[in-house]
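A closer look at the structure
Next come the chains, spelled out residue by residue.
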Amino acid sequence: MALSAEAALSNFYAFGLLTDIARKLSEYKRENNLMLLADAPQFLNGIIQNSDTPFIYEKAGSFYRNFLIDEFQDTSGLQWKNFQPLLTNGLDSGYPSLMWAM
């Protein structure tokens, strides 16, 4: 326990800086109506809300027929929930897709 406390205390200043930077970034994004690419999975998941084939994917699915997900083992549960309706729609339409893990 003492080693954990020492490690936390030795990085306390860095944690504070990171918290400050995260707060400023969030404020900047809100003020400038911006979104980072890293925010996309959470944003898409909010749109999907457990729909089978949400509108955004119906539009994308009408243009894209095949999907390749590289490094599938690095796909988070949230990302998979976002991809699944799109892939299911493509497969149901008879178009093959591929998940590739290396």
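Structure shown above.
Residues numbered from 1 in each chain as written. Predicted model: local features only at pLDDT ≥ 70, side-chain atom pairs only at ≥ 80, totals over all residues. Heavy atoms only, no water.

1. A short note on the overall build of the protein chain
Helix and strand content of the protein chain: five helices and two strands. When the helices and strands of the protein chain are placed in sequence order, the string is α-α-α-α-β-α-β. By residue count, 16% of the 102 residues in the protein chain fall in the buried class. A fraction of 66% describes how many contacts in the protein chain between residues 6 or more apart in sequence connect residues 24 or more apart. Entry remark: accessible area of the protein chain is about 8200 Å², with carbon and sulfur atoms responsible for 61%. (Helix = DSSP H or I, 4+ residues; strand = E, 2+ residues; numbered from the N terminus. Buried < 20%, exposed > 50% of the residue type's maximum accessible area, 1.4 Å probe, protein only. Contact = heavy atoms within 4.5 Å. Areas by Shrake-Rupley, 256 points an atom, 1.4 Å probe, with all protein chains shown as cover.)

2. Quick notes on a nonpolar patch on the surface
Taken together, the side chains of Leu 9, Phe 12, Tyr 13, Phe 15, Leu 17, Leu 18 and Ile 21 define a hydrophobic patch exposed on the protein surface, amounting to about 840 Å² of accessible area. If you trace the backbone, Ile 21 turns up in helix 2 (residues 12-31). (Patch = residues over 30% accessible without salt bridge, like charges linked within 9 Å, V, L, I, M, F, W, Y side chains within 5 Å. Salt bridge = Lys/Arg side-chain N within 4 Å of Asp/Glu carboxyl O.)

3. Focus on the pattern of salt bridges
Side chains that differ in charge, positive against negative, can pair when their charged atoms come close. Overall, the coordinates contain two salt bridges when judged by the stated rule. Residue Lys 29 is joined to Asp 39 by a salt bridge in which the shortest nitrogen-to-oxygen separation is 2.8 Å. One end of the pair, Lys 29, is in helix 2; the other, Asp 39, is in the loop between helix 2 and helix 3 (40-48), with 10 residues separating them in the sequence.

4. Some words on the environment of Leu 36
Inspection of the secondary structure puts Leu 36 in the loop between helix 2 and helix 3. Using a relative accessible area of 36% as the deciding quantity, one classes Leu 36 as partly exposed.

5. A few points about the environment of Tyr 95
Inspection of the secondary structure assignment puts Tyr 95 in the loop between helix 5 (77-92) and strand 2 (98-100). Tyr 95 sits 30 residues away from Arg 65 along the chain, and the two C-alpha atoms are 5.9 Å apart. Setting aside its immediate chain neighbours within four residues, Tyr 95 contacts Arg 65, Asn 66 and Gly 90.

6. Some details on the side chain of Asn 45
Mapped onto the elements, Asn 45 comes out in helix 3. Relative accessible area serves as the criterion here: at 15%, Asn 45 is assigned to the buried category. A polar side-chain atom of Asn 45 sits 3.4 Å from a polar atom in the side chain of Asn 82. (Polar contact = N/O pair within 3.5 Å; in protein donor to acceptor, adjacent residues only side chain to side chain.)

7. A short note on unusual backbone geometry
Positioned with a positive phi, Asn 33 is a non-glycine residue whose angle comes to about 50 degrees. Along the chain, Asn 33 turns up in the loop between helix 2 and helix 3. On the basis of relative accessibility, which here comes to 73%, the residue Asn 33 falls in the exposed class.

8. A closer look at the side chain of Asn 82
With respect to the helices and strands, the residue Asn 82 is situated in helix 5. For Asn 82, the side chain forms a polar contact with the main-chain oxygen of Pro 41, separated by 2.8 Å.

On their own, these measurements won't tell you what the molecule is for.
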